[in-house]
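Listed here are the chains, written in short residue letters.
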Amino acid sequence: MTIKFAERTNNMEGSAIRELLEITQRPEVISFAGGMPAPELFPVEEMIEVSRKVLEENGRVAMQYSTTEGYTPLREHLAKRMNDKLNTNVSAEEILVTNGSQQCLDFIGKIFLDKDDIVLCESPSYLGAINAFNAYQPKFIDVPTDENGMIMEELEKILKENDKVKFIYVIPDFQNPSGRTWPLERREKFMEIINKYEIPVAEDNPYGELRFEGEDLPSLKSMDTKGLVMFLGTLSKILCPGYRIGWVVASPEILAKLNVVKQAADLQASTISQMEMSKFFDIFDVDAHVEKLREVYGHRRTVMMDAMKEYFPESVKWTYPNGGLFTWVILPEGIDATVLQKEKALPHNVAFVPGEPFFPNGGHTNTFRMNYSNMPDEKIVEGIKLLGMAIKEAIADL
Ligand code: PMP
């Protein structure tokens, strides 16, 4: 029997990271693969208090259906936080709460993409976004990048030559997977270009608050004068991913479309998750919590960078992130990171994510992504040492 699936499923692939999860969760494996926040920093005790309060004070509302837009007090907290941190001028009415920002990536694909439309993204880009958009059968053009993110001359060249670009997907702050951040001049130039071509932009910003050093930079949304930028936020990395609270800020026209697809997909985000997160903002100091994350992740970043310097061969290059959860490693040409992982790293019980799936059109097999937020210092050092050995073996085999 042949089951006839929709054509769009031919493009769909499971996430390379999720497929690795089974291996990386084995206790003997030192995993730099997932993008997981450190569970020891989750505010568990605080959430016990919060959930008790929500249920005692308002249990029957918390367990009920609620509006698609989201729980208004939470939307007010999110708008205020954005305005305080990101230089925006957002009101609660401009926010739609989603089931993590991942859901909004799917919705953006759904409202913008017909088959063979073009999506632009950074090269490399977040593989979860590539997978989400892929369901709508677009063509991707990945815009070349350097150490300061997307190269604006290349972007302009691509826009000049292609009239089917529907939107541009970018992560200007501590990008997943590269750890790179766009400086101010790039952001300004980017806005100038998108205003000229009037192309919608999805600005995905899960990591912006996790800055270890340097000055905060204005979000693209804060520079948006034409309502072209959709800003995607999430509580996954500053509080915890399990409640699945993300949000999008967009112009009324775009927000109305997103609202309709949200209704059709799942009616609304979880009422109780939203009320608990809102209560957390009411009674606890979110800034103090984020400060703690910055300290721990910043320290782990430094531990990883120092260990790489000590144990990786000179021909290997990597990025130095000033925030976020990831660094990006470039191996000498000819070494395939997928083969390295399978034949050399996993046998030594070390895991990372090979880079190829982060490129929508493939290639760049000599790259991989490393996460530093989820392992204690001694495991980071031990893992990098083992990985250094694995890479040296692979270079010797060349
Ligand atoms: N965008 C980026 C760039 C991410 O790294 C992630 C999580 N890994 C997401 C979106 C999705 O996060 P969530 O759905 O938990 O908000």
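Up top you'll find the structure we're talking about.
What comes next concerns the included structure. All of these numbers come straight from a predicted model, not from anything done at the bench.

If you tally the helices and strands in the protein, you get 12 helices and 15 strands. The C-alpha extent of the protein, read off along each of the three principal axes, is 60 × 60 × 55 Å. The buried share of the protein, reckoned over its 398 residues, is 56%. Contacts in the protein between residues far apart in sequence, at least 24 positions, make up 75% of those at least 6 positions apart. Side chains of the protein give 43 positive and 61 negative charges; the mean places of these two sets differ by 3 Å.

What follows is about the packing of helix H11 (residues 337-345) against helix H12 (residues 377-397). Relative orientation of the contacting elements H11 and H12 amounts to 110 degrees, with a least axis distance of 10 Å. Relative to H12, H11 is oriented roughly perpendicular. Viewed along their axes, H11 and H12 form a crossing whose handedness is right-handed. In contact with Leu 340, Lys 344 and Ala 345 of H11, H12 contributes Leu 387, Ala 390, Ile 391, Glu 393, Ala 394 and Asp 397. Here the contact of H11 with H12 is built from residues that sort into six nonpolar, no polar and three charged.

What follows covers the pattern of salt bridges. In the structure shown here, the tally under the stated rule is 24 salt bridges. Here Glu 192 makes a salt bridge to Lys 189, at a shortest N to O gap of 3.3 Å. One end of the pair, Glu 192, and the other, Lys 189, are both in helix H7 (residues 184-197), three residues apart, so they sit about a helical turn from each other. The exposure class of Lys 189 is partly exposed, given its relative accessible area of 30%. The network of salt bridges with shared partners includes Arg 81, Lys 85, Glu 209 and Asp 287.

Looking now at the packing of helix H10 (residues 286-311) against H12. Contact geometry of H10 with H12 gives a least axis separation of 9 Å together with a crossing angle of 30 degrees. Compared by their axis directions, H10 and H12 come out roughly parallel. Note that H10 runs across H12; the crossing there is right-handed. Listed contacts from H12 to His 299, Arg 300, Val 303, Met 304, Ala 307, Met 308 and Tyr 311 of H10 are Asp 377, Ile 380, Val 381, Ile 384, Lys 385, Gly 388 and Lys 392. Here the contact of H10 with H12 is composed, by residue class, of eight nonpolar, two polar and four charged.

Turning next to the site of the ligand. Around the ligand, 14 residues are found, and the nearest of them are Asp 204, Tyr 207, Thr 234, Ser 236 and Arg 244. A distance of 2.6 Å is found between an oxygen atom of the ligand and a side-chain nitrogen or oxygen belonging to Thr 234. It is helix H4 (residues 100-112) that provides the largest number of residues to the shell around the ligand, a total of three residues. Its residues assigned to classes, the shell around the ligand comprises five nonpolar, six polar and three charged.

This part takes up the nonpolar core. In this structure, Phe 32, Leu 235, Phe 368, Met 370, Ile 384 and Leu 387 are the most contacted members of the largest nonpolar core, which totals 66 residues. A total of 10 residues in this core trace back to one element, the largest contributor, which is H10. Excluding its chain neighbours within four sequence positions, the residues that come into contact with Met 370 are Phe 32, Met 304, Met 308, Leu 325, Phe 326, Thr 327, Val 329, Phe 352, Ile 384 and Leu 387. If you look at the next biggest cluster of nonpolar residues, it comprises 28 residues, including Ile 130, Tyr 136, Val 248 and Leu 258.

Attention now moves to the sheet that holds strand E12 (residues 326-330). Taken in spatial order, the four strands line up as E11-E12-E15-E14 in an open sheet, and their pairing is antiparallel. Edge positions in the sheet fall to strand E11 (317-318) and strand E14 (353-354), since each has one partner strand and no second. Sheet topology places E14 next to strand E15 (residues 367-371); two bridges connect them, and they run antiparallel. Bridged to Pro 354 within E15 is Phe 368.

Time to look at the packing of aromatic side chains. On inspection of all chains with the given rule, the structure shows 11 aromatic pairs. With centroids separated by 5.8 Å and ring planes inclined at 90 degrees, the aromatic side chains of Trp 328 and Phe 358 adopt a geometry described as edge-to-face. One end of the pair, Trp 328, is in strand E12; the other, Phe 358, is in the loop between E14 and E15, and 30 residues separate them in sequence. By relative accessible area, which is 0% here, Phe 358 ends up buried.

Working note: regular strand, side chains alternate between the two faces of the sheet. With five of its six residues buried, strand E7 (residues 165-170) lies for the most part within the structure. Taken together, the four bridges between strand E3 (residues 118-122) and E7 define a ladder with parallel strand orientation. Bridge assignment links Leu 120 to a residue of E7, and that residue is Ile 168. Relative to strand E8 (residues 201-204), E7 runs parallel, the two being bridged by three bridges.

Taken in spatial order, the seven strands make up an open sheet running E2-E10-E9-E8-E7-E3-E4, and their pairing is mixed. Each having just a single partner strand, strand E2 (95-99) and strand E4 (139-143) make up the two edges of the open sheet. Within the sheet, the average angular offset between the axes of one strand and its neighbour, ignoring direction, is 25 degrees. Judged from the four bridges that link them, E8 and strand E9 (residues 229-234) form a sheet pairing that is parallel.

Thresholds applied
Residues numbered from 1 in each chain as written. Predicted model: local features only at pLDDT ≥ 70, side-chain atom pairs only at ≥ 80, totals over all residues. Heavy atoms only, no water. Helix = DSSP H or I, 4+ residues; strand = E, 2+ residues; numbered from the N terminus. Buried < 20%, exposed > 50% of the residue type's maximum accessible area, 1.4 Å probe, protein only. Contact = heavy atoms within 4.5 Å. Lys, Arg positive; Asp, Glu negative; His and termini not counted. Charge placed at Lys NZ, Arg CZ, Asp CG, Glu CD. Axes fitted to C-alpha atoms, helices over the stretch in contact; angles between N-to-C directions. Parallel < 35°, antiparallel > 145°, perpendicular 65-115°, else oblique. Left-handed = near helix turned anticlockwise from the far one by under 90°. Nonpolar A, V, L, I, M, F, W, Y, C, P; charged D, E, K, R; others polar. Salt bridge = Lys/Arg side-chain N within 4 Å of Asp/Glu carboxyl O. Near = heavy atom within 4 Å. Polar contact = N/O pair within 3.5 Å; in protein donor to acceptor, adjacent residues only side chain to side chain. Core = buried A, V, L, I, M, F, W, Y, C linked by side-chain atoms within 4.5 Å. Pairing = 2+ DSSP bridges. Phe/Tyr/Trp six-rings, centres within 6.5 Å; stacked < 30°, edge-to-face > 60°.

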